[in-house]
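# Analysis of the macromolecular model
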Amino acid sequence: MKWIDGGVCAAVGFRAAGIHAGVKTHADWKKDIALIISDRDCTAAGAFTKNVVKAAPVKIDIAHIASGKARGIIANSGNANACAPHGEEYAIRMCKAAADVVGCEPENILVSSTGVIGQALNIQAIEDHMAELYQNLSRSADASDAAAHAIMTTDTVKKEAAIETIIDGKKIHIGGIAKGSGMIHPNMGTMLCFITTDCAIDSKYLKKALLDAIAISFNRISVDGDTSTNDSCMILANGMAENRQINNLNEDYDIFLDALRELCVLLAKKMASDGEGAKHLITCEITGGKDINSAEIISKSVISSTLTKAAIFGADANWGRVLCAMGYSGEKFDPDKINISFASAAGEIEVCHNGRGLDFDEDLAKKILTEHDIEIKIAMQEGDASCICWGCDITYDYIKINGDYRT
């Protein structure tokens, strides 16, 4: 497999667009509505927030995607359409507006919103600009870029990627765009992720592959411990690569799953790296765990620890924060077997061995922790399981961003 350009337009038969419609009234130049459409009907699958409070678009998508079919996705930023007046009505109107220009049934359109909770969505602005949005549809990389920017809220950079692999002698393309910067926590965070592929795959196996990919990517990142009302990850597969359809767990499925996992992991890391106000991407790698479930729980606990995040922000090799976070994870382990190291492009330093602190070089440790990408390496010495999770540091800017987010 190899990385390619094009985002959601990398897959054959997909077009995208993103424009400013006026949902974001405070910024008349920022794109705020996006459309992704396939030339033909697709098999479809999705995963959504586990928050009991679900935004109107999530409720509509759960109903629409039950058929395992879809034609496209309409999305807006600037307003979450969650706990808002006329929420489901407006979400349905978004689907209908997109369906009217595309020429399909509203039930074949998936819908997403992101932004402020509790305020009425400016549905008129979206409907008034739908024809313009449709006219801007293109297969170009620039079109995917426009759609990626249109779903951003507090993101500082777009999240976009595409990958190519070979199945049944055919080139298969998988592309995705995502948004996510704050309210990020395992079980998906305020994230939207839209994935397209030209692979021919049955909806049952498409959903299985998506859930498997999410489990080791979006469900292994944390920015601030909050899980949103709008979290959605959806994938459309139009079969235009003309490979034999994947309809069982065979080698073709494994190849597709491997590529999808790579894509989702990269997008997840982009989200963690762009955490609100963050200065560092934190990777926590557990090795020697007793089993994968235990290793994942412990790794998540470390990257979710506010005190660990603060220590990384201060370039302080305070490994006690790490060991403490492991200890309250709920998992049983022997603290006297734990080895902890910090690593980055500047080098690697062991700071704890068999549960006891080492007399390490503080200057080297600080140099290592000053890099953007920081690794926390934990050797459990209890088994063969390993797991990697991703997070970011917490900074003063996080408070600034969220202190006046609504106003």
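What counts, and where the lines are drawn
- Residues numbered from 1 in each chain as written.
- Predicted model: local features only at pLDDT ≥ 70, side-chain atom pairs only at ≥ 80, totals over all residues.
- Heavy atoms only, no water.
- Helix = DSSP H or I, 4+ residues; strand = E, 2+ residues; numbered from the N terminus.
- Buried < 20%, exposed > 50% of the residue type's maximum accessible area, 1.4 Å probe, protein only.
- Axes fitted to C-alpha atoms, helices over the stretch in contact; angles between N-to-C directions.
- Parallel < 35°, antiparallel > 145°, perpendicular 65-115°, else oblique.
- Left-handed = near helix turned anticlockwise from the far one by under 90°.
- Contact = heavy atoms within 4.5 Å.
- Pairing = 2+ DSSP bridges.
- Patch = residues over 30% accessible without salt bridge, like charges linked within 9 Å, V, L, I, M, F, W, Y side chains within 5 Å.
- Areas by Shrake-Rupley, 256 points an atom, 1.4 Å probe, with all protein chains shown as cover.
- Salt bridge = Lys/Arg side-chain N within 4 Å of Asp/Glu carboxyl O.
- Lys, Arg positive; Asp, Glu negative; His and termini not counted.
- Charge placed at Lys NZ, Arg CZ, Asp CG, Glu CD.
- Core = buried A, V, L, I, M, F, W, Y, C linked by side-chain atoms within 4.5 Å.
- Right-handed = clockwise from strand over helix to strand, strands pointing away.

### Considering the environment of Lys31
- With respect to the helices and strands, the residue Lys31 is situated in the loop between β2 (14–19) and β3 (33–48).
- Residue classification places Lys31 among the partly exposed residues on the basis of a relative accessible area of 33%.
- Sequence spacing of Lys31 and Ala317 is 286 residues, and the spatial spacing of their C-alpha atoms is 41 Å.

### Description of the packing of helix α8 (residues 292–304) against helix α10 (residues 319–327)
- Packing of α8 against α10 leaves a shortest axis separation of 8 Å and a crossing angle of 130°. When the axes of α8 and α10 are compared, the pair comes out oblique. Pair α8 / α10 crosses with right-handed handedness. For the pair α8 and α10, contact is made by Ile298, Ser301 and Val302 and by Val322, Ala325 and Met326, respectively.

### Some words on unusual backbone geometry
- Despite not being glycine, His86 shows a phi value in the positive range, around 60°.
- Position of His86 among the secondary structure elements: in the loop between β4 (69–77) and α2 (87–102).
- The exposure class assigned to His86 is partly exposed, which follows from its relative accessible area of 47%.
- Despite not being glycine, Ala315 has its phi angle at roughly 55°, a positive value.
- Secondary-structure assignment places Ala315 in the loop between α9 (306–313) and α10.

### Digging into the pairing of β2
- Across the 6 residues of β2, 5 count as buried, placing the element largely inside the fold.
- Bridge analysis of β2 against β3 gives 6 bridges, and the strand direction is antiparallel. Paired with Ala17 across the bridge in β3 is Leu35.

### Thoughts on the environment of Asn76
- Locating Asn76 in the fold gives a position in strand β4.
- Judged by its relative accessible area of 0%, Asn76 is buried.
- Residues Asn76 and Ala162, spaced 86 residues apart in sequence, show a C-alpha to C-alpha distance of 22 Å.
- With sequence-adjacent residues up to four places away left out, Asn76 is seen in contact with Val23, Asp32, Ile33, Met94, Ser112, Ser113, Thr114, Leu121 and Ile126.

### Considering a negative patch on the surface
- The grouping of Asp316, Asp359, Asp361, Glu362 and Asp363 at the surface amounts to a negative patch.
- With respect to the helices and strands, Asp316 occurs in the loop between α9 and α10.

### Here we look at the pattern of salt bridges
- Enumeration over the complete set of coordinates arrives at 18 salt bridges.
- The partner of Glu164 in a salt bridge is Lys2, with the nearest N and O atoms 3.9 Å apart. With Glu164 in strand β6 (residues 159–167) and Lys2 in strand β1 (residues 2–3), this pair connects stretches of sequence that are 162 residues apart.
- We classify Lys2 as partly exposed; its relative accessible area is 46%.
- One salt bridge connects Arg356 with Asp336, and the closest N-O pair in it is separated by 3.0 Å. Taken together, the residues Arg356 in strand β14 (residues 356–357) and Asp336 in the loop between α10 and β12 (339–344) connect sequence positions 20 residues apart.

### What to know about the nonpolar core
- Grouped together as the largest cluster of nonpolar side chains are 40 residues, with contacts concentrated most on Ile195, Phe218, Phe256 and Leu260.
- Those elements that place two or more of their residues in this core are β3, β6, β7 (170–179), β8 (192–197), α6 (203–215), β10 (232–237) and α7 (251–273).
- Per-element accounting of this core gives the leading share, 12 residues, to α7.
- Counting residues in each nonpolar core, the second largest holds 32 residues, with Ala295, Ala317, Val351 and Cys387 among its members.

### Some points on the pairing of β4
- Among the 9 residues of β4, 8 are classified as buried, and the element is accordingly described as predominantly covered.
- Pairing between β3 and β4: 7 bridges, direction antiparallel. Looking across to β4, one finds that Ala34 is bridged to Ala75.
- Where β4 and strand β5 (residues 109–114) come together, 6 bridges link them in parallel fashion. For Ser77, the partnering residue across the bridge sits in β5 and is Thr114.
- The parallel pair β4 and β5 is bridged by α2, and the resulting crossover is right-handed.

### Regarding helix α1 (residues 56–64)
- Those residues of α1 lying buried are Ala56, Pro57, Val58, Ile60, Asp61 and His64.
- The elements touched by buried residues of α1 are β3, β4, α2, β5 and β10.

### As for the sheet that holds strand β9 (residues 221–222)
- Reading across the sheet, the 7 strands line up as β9-β16-β11-β15-β12-β13-β14 and stay open at both edges, with mixed pairing between neighbours. Both outer strands of the open sheet, β9 and β14, are each paired with one neighbouring strand and no more.
- Judged from the 5 bridges that link them, β12 and strand β13 (residues 347–353) form a sheet pairing that is antiparallel. The residue of β13 that forms the bridge with Ile340 is Cys352.
- Docked against the sheet, α7 engages β9, β11 (281–289) and β16 (385–392), running at close to 40° with respect to β16.
- Here α10 sits on the sheet in contact with β12, β13, β14 and β15 (373–379), set at roughly 125° to β12.

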